[in-house]
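So you can see what is in the structure, the chains are spelled out below.
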Amino acid sequence: MLKALSVRAQQGRQFIPDPRSGRPEGLRGLPVLTAGECASCRACMAACPTSAIAVDPLQIDLARCVFCNECVVVCPDDRVRFTPEPSMASTRASGLLVRAGSSVEPIVPDEVFRRHFGRSLRLRQVSAGGCNACELELNAAANVNFDMQRYGIDWVASPRHADALVLTGPLTQQMAAAVRLGWDAMPEPRFLVAVGACAISGGLYADGDAIDRSFLSEVGPALFVPGCPPHPLTFLRGLLDFLGIA
Amino acid sequence: MIQAQRFERIPERTVDDWRGRVEGALRARVHLLSLFGRRDGDEVLVTALLQRDDGAVEVERARVAALGYASLTPQFPALHIFERELHEQTGLSIHGHPWCRPVRFEGAARGSHDRHPFHVVAGKEVHEVAVGPIHAGVIEPGAFRFMCLGETVHHLEICLGYQHRGVEALLLRRDVRSLGPLVESVAGDTSVGHAWAYSAAIEALTGQPASPNESLRRAILLEFERVGMHLATLAGVAADVGFLQGAATFGRLRTTVINTIQRLCGSRFGRGAIRPGSTRATLDGFAGTGPTTGLSLPEVHANLTLVERDLQTVEDLFTSARTVRHRLEGVGSVSPALAEAIGLVGPVARAAAAHRDLRVRGPAAYDPPVGLATRSEGDCWGRTLVRLDELQHSLTWLRSAFERAPHWTTSRVSIGALTPSALVVALVEGLRGEIVHALETDGDGRLVHYKVQDPSLRNWLGLALAVRDNEISDFPICNKTFDLSYCGNDL
Ligand code: SF4
Ligand code: SF4
């Protein structure tokens, strides 16, 4: 009993009081680019593993960026900088383009989904080639720190009980059928969330031959959560904004 | 023991000669690190990597015609998964293999999961339970089929490959010096382990070994990774036995640990920290990350103190709770003899009396060495205690390591040309056991083969055997205490 009490005392209060504000210390989050002419070095483009960065004008596509920092290391003019800002989800894939002076397109809340799920949202996660980093961060969104349940958001074990499918991984050919089955088992209304560079664009595996992304050309994600893996706050804030939860 | 070893002019033996040498070594209980092959014209080059007790790695290679060779698995079951993979990847016939099933349905087998020939157990009382590929949690996919007699599991067959992304093919398609991000996603929870193996391999291939201080910083990141994931595993075990205070506290301590990693290198998973020729993590936040919130040495020590202290308290509560002990003890047993026979590695092997840990006579960074944790139970309880012991050892080691490396600066060596016609074997004791990367170049110094081996590859059979004769409801705790990687197996 005493032991249990001391564990409880040490545990203290762990939840982040306001997940809507603040920047996790040290996080390599939302990039910021500096305006100006590039010398013709193209070093960042050569170093980027996913062709996420381009010059003239300098831009990073967060649909593909894996936040590996290679571009920062090679840029002779320090034009790329990553900030600890975790908010960077968007409702359009094309909204994930970051340029000098412009950032990710803000999320457009969905009125219908807000009415249905604004106070209770059940999520089913499916990994289709995810490396377990995205999956661990999604799990973390429900831990004692991030505590997404305080908003009525939680994971469920069956797609039949789910309102949204949270997809990770580049969609392997061998998971293609299972992903479709999972989606088909979900009652409407429902929506799809693409989490991580892999799910959004194929990421590091975009040109792999064991990948089959045809499901995504039929069912478009309603929310895109960039990162590799995305920080739990990137995911949580994306959902809150999408559902218009204050 | 070396981190990465380079071999040139490897003799190609005849099959008989090769078999004789490999059999001789295995009979003398030399440890088999890996066995793999690659096509070379109509033939297949089959390579066995053996490691003697003093740590030296030996390479035994045979040139095998497409007809194949007689399987070594009946004599040495630990080879079963390697010979299955060899067959799947090269098409080589492995005659007399008792169970030559797909490892991950790659190549020609891709997309044929539906036709997997599951074992069939017949009888009136038999019933089968099929689970997956999608599981009831936020985890990776895989298909399990339990063949049960009543509540008792007679056999479990595990069918993987759903996560197969074609990693090895992609590794050969891209610039060999910039494979870091891809390697880190082989098993995302083991980013540091795989990135270190890859970087050490490239450094050995170019003859530019990392400095002692650099290796030490890599080892620090690796131990943080181990501590973070062991805590995640323990949180899972605690949740599965219904011990929620344990689940909450182990999980909370993991957060402290991975947030520390993030402040060292910008990512909670150590992404981007280790690259050939550089270790981009510093105690003061490294140039270019943007954040000015680099971690100071006193803060690191404060975090370590907090984790050590609170871990001790929760460990006491957890291990002395009768409910926990009752649930884990004697469940999911793998005897030491079985563990050795099937070639288990890492903590699950050490929970069954194995003494193998690449860190013990490991790279220079581990001097003074990290303590070795072993138990003899071989059950869920043993696997839990081994992780708890390893946590203590890693935390103690981390403290001393920071004392030896108070100053962190980011070095950067530009990577030169790869040695032609060479094979490099890099070894890292990752959180689940030995990580093996074997890279080979052709006469022009181009990479012709990149073999990635995550420890999970060898351990999945252990899980299948552990649940035999247990109740089907024991599966979740067996699964949690094995804590294996799907994507690391599936590549
Ligand atoms: S951080 Fe993003 S843009 Fe920069 S090199 Fe890596 S993937 Fe490319
Ligand atoms: S996006 Fe990155 S972290 Fe997520 S599954 Fe893909 S490789 Fe892993």
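Before going into details, it helps to say that this report is about the structure given with it. Just so you know, these numbers come straight off a predicted model, no measurement behind them. (Residues numbered from 1 in each chain as written. Chains lettered and ligands numbered in written order. Predicted model: local features only at pLDDT ≥ 70, side-chain atom pairs only at ≥ 80, totals over all residues. Heavy atoms only, no water.)

Brief notes about the overall build of chain A
- What chain A contains, in helices and strands, is 9 helices and 10 strands.
- Since a compact globule built from 246 residues should have a radius of gyration of about 18 Å, the 19 Å found for chain A is in line with a globular shape.
- Once the C-alpha set of chain A is aligned to its principal axes, its extents read approximately 65 × 45 × 35 Å.
- Here the contacts in chain A between residues at least 6 apart in sequence split such that 78% fall between residues at least 24 apart.
- Total accessible area on chain A is roughly 9,600 Å²; 53% of this is exposed by carbon and sulfur atoms. (Helix = DSSP H or I, 4+ residues; strand = E, 2+ residues; numbered from the N terminus. Rg over C-alpha atoms; globule rule 2.2 N^0.38 Å. Contact = heavy atoms within 4.5 Å. Areas by Shrake-Rupley, 256 points an atom, 1.4 Å probe, with all protein chains shown as cover.)

A word on helix H13 (residues 456-466) of chain B
- Most of H13 of chain B sits inside the fold, with 10 of its 11 residues counted as buried.
- Along H13 of chain B, the residues classified as buried are Ser456, Leu457, Arg458, Asn459, Trp460, Gly462, Leu463, Ala464, Leu465 and Ala466 of chain B. (Buried < 20%, exposed > 50% of the residue type's maximum accessible area, 1.4 Å probe, protein only.)

Observations regarding the interface of chain A and chain B
- Listed per partner, the contact involves 64 residues of chain A and 66 residues of chain B.
- With both sides pooled, the region where chain A packs onto chain B buries about 5,300 Å², and carbon together with sulfur makes up 53% of that total.
- Interface area lost by chain A to chain B is led by Gln10, Gln174 and Tyr205 of chain A, which between them contribute 14%.
- Among the salt bridges present, the one from Arg174 of chain B reaches Asp207 of chain A, with a minimum N-O distance of 2.7 Å.
- Taken together, the connections running from chain A to chain B amount to 32 residue pairs in polar contact (both at pLDDT 80 or more).
- When residues of the side of chain A that touches chain B are traced back to their parent elements, those giving at least two are helix H1 (2-11), helix H3 (70-74), strand S4 (80-82), strand S6 (121-127) and helix H5 (133-140) of chain A.
- Within the side of chain A that touches chain B, the residues separate by chemical class into 33 nonpolar, 20 polar and 11 charged. (Buried area = accessible area lost by both parts, 1.4 Å probe. Salt bridge = Lys/Arg side-chain N within 4 Å of Asp/Glu carboxyl O. Polar contact = N/O pair within 3.5 Å; in protein donor to acceptor, adjacent residues only side chain to side chain. Nonpolar A, V, L, I, M, F, W, Y, C, P; charged D, E, K, R; others polar.)

As for the packing of helix H6 (residues 212-240) of chain B against helix H14 (residues 475-482) of chain B
Residues and elements named next belong to chain B.
- The geometry of H6 relative to H14 is characterised by a closest axis approach of 9 Å and an angle of 170 degrees between their N-to-C directions. The angle between the axes of H6 and H14 places the two elements in the roughly antiparallel class. Contact with H6, carried on its side by Thr233, Gly236, Val237 and Asp240, involves Pro476, Ile477, Lys480 and Thr481 of H14 and no other residues of that element.
- Counted by class, the contact of H6 with H14 contains 3 nonpolar, 3 polar and 2 charged residues. (Axes fitted to C-alpha atoms, helices over the stretch in contact; angles between N-to-C directions. Parallel < 35°, antiparallel > 145°, perpendicular 65-115°, else oblique.)

Considerations on the nonpolar core
- Grouped together as the largest cluster of nonpolar side chains are 119 residues, with contacts concentrated most on Leu156, Ile220, Phe224, Phe250, Trp397, Phe402 and Tyr450 of chain B.
- With residues up to four places along the chain from it excluded, the contact list for Ile220 of chain B reads Trp397, Leu398, Ala401, Phe402 and Trp408 of chain B.
- Of all hydrophobic cores here, the second largest spans 29 residues; its members include Phe113, Ala164, Phe235 and Ile245 of chain A. (Core = buried A, V, L, I, M, F, W, Y, C linked by side-chain atoms within 4.5 Å.)

A short note on the pairing of strand S3 (residues 31-40) of chain B
Residue and element names in this part refer to chain B.
- Judged by how many residues are buried, S3 sits mostly within the fold: 8 of 10 residues are covered.
- By the bridge criterion, 9 bridges tie S3 to strand S4 (residues 43-51) in an arrangement that is antiparallel. Looking at S4, one finds that Leu32 is bridged to Leu50. (Pairing = 2+ DSSP bridges.)

Topic: the side chain of Thr313 of chain B
- Considering the arrangement of structural elements, one finds Thr313 of chain B in helix H8 (residues 297-320).
- On the accessibility criterion, Thr313 of chain B (15% relative accessible area) is buried.
- Among residues more than four places away in sequence, those in contact with Thr313 of chain B are Ser6, Val7 and Gln10 of chain A.

Some thoughts on unusual backbone geometry
- That bond from Glu188 of chain A to Pro189 of chain A is cis: its omega, -5 degrees, falls within 30 degrees of zero.
- For Pro189 of chain A, the location among the structural elements is in the loop between helix H6 (176-184) and strand S9 (191-195).
- Of note, the bond from Cys228 of chain A into Pro229 of chain A is cis; its omega dihedral lies within 30 degrees of zero at -10 degrees.
- By the element assignment, Pro229 of chain A lies in the loop between strand S10 (223-225) and helix H9 (232-242).
- Phi is positive for Ser421 of chain B, close to 45 degrees, though the residue is something other than glycine.
- When you line up the elements, Ser421 of chain B lands in the loop between helix H12 (380-404) and strand S13 (422-430).

Quick notes on the environment of Pro49 of chain A
- If you trace the backbone, Pro49 of chain A turns up in the loop between helix H2 (43-47) and strand S2 (53-54).
- Separated by 15 residues in the primary sequence, Pro49 of chain A and Arg64 of chain A have C-alpha atoms spaced 9.3 Å apart.
- What Pro49 of chain A contacts, discounting residues up to four positions off in sequence, is Val66, Cys68 and Leu204 of chain A together with Arg174 and Pro181 of chain B.

Examining the packing of aromatic side chains
Residues and elements named next belong to chain A.
- With the rule as written, the count across this model stands at 18 aromatic pairs over all chains.
- An angle of 15 degrees between the planes, with centres 6.0 Å apart, marks the rings of Phe113 and Phe117 as stacked. Taken together, the residues span about one helical turn, with Phe113 and Phe117 both in helix H4 (residues 111-117) at a distance of 4 residues.
- Residue Phe113 is classed as buried on the basis of its relative accessible area, which comes to 13%. (Phe/Tyr/Trp six-rings, centres within 6.5 Å; stacked < 30°, edge-to-face > 60°.)

Topic: the layout of surface pockets
- Taken as a whole, the largest pocket encloses approximately 1,300 Å³ of empty space.
- Lining of the largest pocket is provided by 43 residues; of these, Asn139 of chain A together with Val138, Ile139, Gly236 and Lys480 of chain B occupy positions nearest its centre.
- Among the elements that line the lining of the largest pocket, the one with the most residues is H6 of chain B, at 7 residues.
- Counted by class, the lining of the largest pocket contains 24 nonpolar, 10 polar and 9 charged residues.
- Of the volumes computed, that of the second largest pocket is approximately 910 Å³.
- Arg29, Val30, His31, Glu340 and Arg356 of chain B are, among the 34 residues lining the second largest pocket, the residues nearest its centre.
- Listed by contribution, the elements that provide at least two residues to the lining of the second largest pocket are helix H1 (15-27), S3 and helix H10 (336-341) of chain B. (1 Å grid on protein atoms, 1.4 Å probe; cavity = no way out; pocket = protein on both sides within 12 Å on 5 of 7 lines; lining within 4 Å. Points joined across faces, edges and corners; volume = space filled by probe spheres on them.)

Describing the pattern of salt bridges
- Counted by the stated rule, this structure contains 59 salt bridges over all chains.
- Among the salt bridges present, the one from Glu105 of chain A reaches Arg92 of chain A, with a minimum N-O distance of 2.7 Å. Note that Glu105 of chain A is positioned in the loop between strand S5 (97-99) and H4 and Arg92 of chain A in the loop between S4 and S5, a separation of 13 residues in sequence.
- Classification of Arg92 of chain A as partly exposed rests on a relative accessible area of 45%.
- The partner of Glu111 of chain A in a salt bridge is Arg114 of chain A, with the nearest N and O atoms 2.8 Å apart. Taken as a pair, Glu111 of chain A and Arg114 of chain A lie in helix H4 at a separation of 3 residues, close to a single helical turn.
- In this structure, a network of salt bridges that share partners links the residues Glu223, Arg226, Arg350, Asp357, Arg359, Glu390 and Glu429 of chain B.

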